[in-house]
Amino acid sequence: QVQLVESGGGLVQPGGSLRLSCAASGLSFSIYNMSWYRQAPGKERELVALISTTGGSTNYPDSMKGRFTISRDNAKNTVYLQMNSLKPEDTAVYYCHAYRRSGSYWGQGTQVTVSS
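Attention here is on the structure that accompanies the text. (Residues numbered from 1 in each chain as written. Predicted model: local features only at pLDDT ≥ 70, side-chain atom pairs only at ≥ 80, totals over all residues. Heavy atoms only, no water.)

In this structure, Met 34, Trp 36, Val 79, Leu 81, Met 83 and Tyr 94 are the most contacted members of the largest nonpolar core, which totals 29 residues. Where this core is concerned, the elements lending two or more residues are strand S3 (18-25), strand S4 (33-39), strand S5 (46-51), strand S7 (68-73), strand S8 (78-83), strand S9 (92-100) and strand S11 (110-114). For Met 83, the residues in contact, after removing those within four places along its chain, are Gly 16, Ser 17, Leu 18, Leu 20, Arg 67, Phe 68, Tyr 94 and Val 112. (Core = buried A, V, L, I, M, F, W, Y, C linked by side-chain atoms within 4.5 Å. Buried < 20%, exposed > 50% of the residue type's maximum accessible area, 1.4 Å probe, protein only. Helix = DSSP H or I, 4+ residues; strand = E, 2+ residues; numbered from the N terminus. Contact = heavy atoms within 4.5 Å.)

And the structure:
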């Protein structure tokens, strides 16, 4: 049974930082590309960051560049999202996503709230 479990969300003040983690089990983690998505209330789910199987390639939408960094540790079956200079508009549920040609999996999400 595949599980993706996100953690590290919470309440943070504007300008603050958070590091999200996503621990994977039940799949061969190192052969899956990984990504983070987010969904704010009343909005569609949007891509935050992508990372290749080895971690050698990352990609971010233009709106996310510069503040967010995705990384992974294949020895720990974990992908991370470092978020800096957080803004209220970053408030959303953040989801971990594992994908390859044969299929994909989603985590349950972790809430990030940026507010003073």
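The next point concerns unusual backbone geometry. Even without being glycine, Asn 77 reaches a positive phi, approximately 50°. Along the chain, the position of Asn 77 falls in the loop between S7 and S8. The residue Ser 85 is not glycine, and still its phi comes out positive at about 50°. By the secondary structure assignment, Ser 85 is in the loop between S8 and S9. On the basis of relative accessibility, which here comes to 40%, the residue Ser 85 falls in the partly exposed class.

What follows deals with the pairing of strand S10 (residues 103-106). Where S9 lies against S10, four bridges are found, and the strand directions are antiparallel. Counterpart to His 97 in the pairing with S10 is Trp 106. Two successive antiparallel strands, S9 and S10, enclose a turn made up of two residues. (Pairing = 2+ DSSP bridges.)

As a further point, take the state of the cysteines. Applying the stated criterion to the full structure yields one disulfide. In this model, Cys 22 is linked to Cys 96 through a disulfide, with the two sulfur atoms separated by 2.1 Å. Disulfide Cys 22-Cys 96: torsion about the S-S bond near -80°, hence left-handed. Residue Cys 22 is found in strand S3, and its partner Cys 96 is found in strand S9; the two are separated by 74 residues along the sequence. Cys 96 shares its class with Cys 22; the two are buried. (Disulfide = S-S within 2.5 Å.)

All right, on to the sheet that holds S3 then. Ordered by their spatial adjacency, four strands build an open sheet running S1-S3-S8-S7, and the pairing between neighbours is antiparallel. Two strands close off the open sheet at either side, each with one partner strand: strand S1 (3-7) and S7. Sheet twist, expressed as the mean angle between neighbouring strand axes with direction ignored, is 15°. Examined bridge by bridge, S7 and S8 share six bridges and lie antiparallel to one another. Bridge assignment links Arg 72 to a residue of S8, and that residue is Val 79. (Axes fitted to C-alpha atoms, helices over the stretch in contact; angles between N-to-C directions.)

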